[in-house]
Amino acid sequence: MQRTDSSGPGDIVLRCRDIERSFGGLKALKAVNLEIRKGEILGLVGPNGSGKTTMVNVITGFYPPERGTVTLFGENITRKRPHAIAARRMARTFQNLALFRGLSVLDNILLGRHVHMRPSAIATLFYWVWALREETRHRRVVEEIIDFMQLQDIRNEPVEVVPLGLQKRVELARALAAEPKLLVLDEPMAGMNQEEKEYITRFILDARDERDVSILLIEHHMDVVTAICDRMQVLSYGETIAEGKPREAIADPRVISAYLGQRAAKRQAGAGAAA
Amino acid sequence: MLYRQAGIRHRRYAAERQLWPLTFDRVLVGGVVLFLLAAPFTLDRLYLGSYLLPWLLWSSAALGLNLLMGGAGQIHLGYGAVMAIGAYTSVHLVRSGIPFELALVLAGMTSAALGIVFGAAALRVKGLYLAMSTLAMQYIIDFTISHVPGISGGTQASLQVPRVTLLGMPVTGEVTPYYVALGLCAVITLFMLNVGRTSFGRALAAIREKDYAAEIIGVGTFKYKLLAFWVSSFIGGVVGAVLAVCYLRIVTPDQFHLDLSIQLVAMVIVGGLGSVLGSFFGAALILFAPIFFNNAIGTLATQFGLGISTDLRSHIPLMLYGALIILFLLVEPLGLAKIYDNVRKYFLVWPFRHVRK
Ligand SMILES: Nc1ncnc2c1ncn2[C@@H]1O[C@H](COP(=O)(O)OP(=O)(O)OP(=O)(O)O)[C@@H](O)[C@H]1O
Ligand SMILES: [Mg+2]
């Protein structure tokens, strides 16, 4: 599983330097550094509100950072708009689903192909001569992904009637359809049962191995993170408190106290509520 | 057996994405097309010119607006003004001797260029605010047309459309204008049908549903909102031009006032947002319901000798019409197209009602 050894340190896909971002008075990120190497799965973990999603939003261009730079394949993308970053082969899923209601599962996944297609009104008018071929070509790619993600049965359903666990899978399929080189997954297993979790874990590993993507994975399920990540980085209150091999990182005393502190705080709040 | 999905096995993706996979639908569409093509020979000229022709044109306009409202989710309360720009541009151009074919394209371009200026507001504002800024467009264009004699046509404020030819045929009488409108309507309809199955239409739908999610898959929201305004305004401009030349023949500013914009929005909503078929239904209802009510009330009044005052007589149809729209929105907010769809689905699975979704 350790693919990092085979690729040199020069193969850096994404590099974030001294990222700072605040909301009002709250510093959500304080000088965070982050690096993803080619073919690697990096786990980004941390207690609730530690700034993981904010980090993802900075990387994907939704919240430009106040300080620091984001470099993708050696190119500075710090203030680029999300769609421009998407065109540079980065794809993402959202912690709270962001599928397009009213469209079928198939159309949602086809939308993942957008960066590879040439949409135009003229081609739409002359569909039979200009668009049909392109649509069919991309449909083939999408059908491959539908097979890979085992979504055949629901491909023509409107996406909003599909159960939640499957919707998460559809969103992952949409991200994969873009054939990204860097895939950012914000809690892809939230709210899933054990079986669904195992499915998604399998998909993530297969995607890395067969599709040559590097992955930034945010996940609360520690068992999954330690099992599939090559490296792990732990955030707490917007700061990196540990990074390295998963087992070593979660054994770090600061990590334990960050999580324990949260648990202790929760216990206190619970006791307060009970009183 | 015509009306069944079961047993249809597509072997190619293109076949699965065809517009009318069911034989029944194809037969129906074919029948309607034949009827429309043969109408000048079978139908009374009066019906052709005063019912079928305006219906085709209003449906075309509703389709153009539906691209924006149903396709891209952007409201537009000034579509009448967009059509006015097209109408006035083309009339002035043909009056100065430019061929009608070229004038049509230029009319579309002018509408698109001006429409996009006001549409640019959509980059910053949404919903109610966009409604306000497109309403502003309506008033500004209205004001400009009626206060610049060079545009509106001097003190009379009316412009006579000269005789024009399209592809060598003189557009006069009832029949040629009808075919021109039919051709335009067919092109716009095909375009709108294809929007439902190309990357262009999907990108617009993405913006309509969730603009941040659209961005993350690479759909530039600025670009596509502007594109939606551009294409929709282009269609509006061309329809306005054909409306002026084939139907109105004398253009005055009040033909394109806010009434028209509201009518078009009503057609789109009553027909069904985003539905091609709905645009035709909506246009028919909004255009003909008032006429129908007017006649009905008139007959009732004379038949039964009811002493309805003329004032009331002119208002009852409007009230019924308003009530009808409200009723539709309450009973089926997805519009007439959805009602048709329900009926169709019912027969599609009859008698196996349990498989209905
Ligand atoms: N748009 C925003 N406006 C204001 N505050 C925000 C915004 N987004 C995030 N925050 C704050 O920034 C901090 C970090 O939030 P973030 O969503 O990044 O945490 P997280 O690590 O993803 O947490 P979780 O595990 O619950 O998803 C939180 O205190 C949050 O309240
Ligand atoms: Mg989060």
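Thresholds, definitions, all that
- Residues numbered from 1 in each chain as written.
- Chains lettered and ligands numbered in written order.
- Predicted model: local features only at pLDDT ≥ 70, side-chain atom pairs only at ≥ 80, totals over all residues.
- Heavy atoms only, no water.
- Core = buried A, V, L, I, M, F, W, Y, C linked by side-chain atoms within 4.5 Å.
- Buried < 20%, exposed > 50% of the residue type's maximum accessible area, 1.4 Å probe, protein only.
- Helix = DSSP H or I, 4+ residues; strand = E, 2+ residues; numbered from the N terminus.
- Contact = heavy atoms within 4.5 Å.
- Donors = N, O, S within 2.8 Å, 3.2 Å for Na, K, Ca; no water.
- Salt bridge = Lys/Arg side-chain N within 4 Å of Asp/Glu carboxyl O.
- Domains from an automatic or database assignment.
- Buried area = accessible area lost by both parts, 1.4 Å probe.
- Polar contact = N/O pair within 3.5 Å; in protein donor to acceptor, adjacent residues only side chain to side chain.
- Nonpolar A, V, L, I, M, F, W, Y, C, P; charged D, E, K, R; others polar.

### What about the nonpolar core?
Part 1 of the reasoning: Core analysis: the largest hydrophobic core is formed by 105 residues, its most contacted members being Trp58, Met83, Phe256 and Leu264 of chain B.
Part 2 of the reasoning: Of all the elements, helix H3 (residues 45–71) of chain B adds the most residues to this core, at 14 residues.
Part 3 of the reasoning: Excluding anything up to four places from it in sequence, Met83 of chain B contacts Ala61, Gly236, Val239, Gly240, Leu243, Phe256, Leu260 and Leu264 of chain B.
Part 4 of the reasoning: Val170, Leu183, Leu205 and Ala242 of chain A belong to the second-largest nonpolar core, a separate cluster that totals 48 residues.

### Here we look at the coordination of the magnesium ion (ligand 2)
Residues and elements named next belong to chain A.
Part 1 of the reasoning: Protein ligation of the magnesium ion (ligand 2) involves Thr53 (OG1) and Gln95 (OE1), the donor distances falling in the range 1.8 to 2.1 Å. A residue pair is termed long-range when its members are at least 10 positions apart, and Thr53 in helix H1 (residues 52–59) and Gln95 in the loop between strand E6 (90–93) and helix H3 (105–111) qualify at 42 residues.
Part 2 of the reasoning: Residue Thr53 is classed as partly exposed on the basis of its relative accessible area of 24%.

### Observations concerning the pattern of salt bridges
All names here are of chain A.
Part 1 of the reasoning: Going through the model one piece at a time under the given rule, you end up with 19 salt bridges over all chains.
Part 2 of the reasoning: Residue Glu35 is joined to Arg15 by a salt bridge in which the shortest nitrogen-to-oxygen separation is 3.1 Å. One end of the pair, Glu35, is in strand E2 (residues 26–37); the other, Arg15, is in strand E1 (residues 12–23), with 20 residues separating them in the sequence.
Part 3 of the reasoning: On the accessibility criterion, Glu35 (24% relative accessible area) is partly exposed.
Part 4 of the reasoning: According to the relative accessible area criterion, Arg15 is partly exposed, its value standing at 31%.
Part 5 of the reasoning: The salt bridge involving Arg202 is made with Asp206; its shortest N-O contact spans 3.5 Å. On the criterion of helical spacing, the pair formed by Arg202 and Asp206 is a turn pair, its members being four residues apart in helix H7 (residues 194–211).
Part 6 of the reasoning: The partly exposed category is assigned to Arg202, whose relative accessible area is 46%.
Part 7 of the reasoning: Among the charged side chains, a network of salt bridges with common partners joins Arg15, Arg17 and Glu35.

### As for the domain arrangement of chain A
The extent of an interface is frequently quoted as the accessible surface area lost upon association of the parts.
Residues and elements named next belong to chain A.
Part 1 of the reasoning: Domain boundaries assigned for chain A yield domain 1 (1–89 + 180–275) and domain 2 (102–177).
Part 2 of the reasoning: On a C-alpha basis, the centroid separation for the pair domain 1 and domain 2 is 28 Å.
Part 3 of the reasoning: Counting residues at the interface gives 19 residues for domain 1, matched by 12 residues for domain 2.
Part 4 of the reasoning: Both sides together, the interface formed by domain 1 and domain 2 hides about 1,300 Å², and carbon and sulfur atoms give 71% of it.
Part 5 of the reasoning: Looking at the side of domain 1 facing domain 2, the largest losses of area belong to Tyr199, Phe203 and Arg211, adding up to 40% of the total buried there.
Part 6 of the reasoning: Taken together, the links from domain 1 to domain 2 amount to zero salt bridges.
Part 7 of the reasoning: Between domain 1 and domain 2 we count one residue pair in polar contact (both at pLDDT 80 or more) in total.
Part 8 of the reasoning: Where the side of domain 1 that touches domain 2 is concerned, the elements lending two or more residues are helix H2 (82–87), strand E7 (182–186) and H7.
Part 9 of the reasoning: Sort the elements by how many residues they give to the side of domain 1 that touches domain 2 and H7 lands first, with eight residues.
Part 10 of the reasoning: Split into classes, the residues belonging to the side of domain 1 that touches domain 2 amount to 12 nonpolar, no polar and seven charged.

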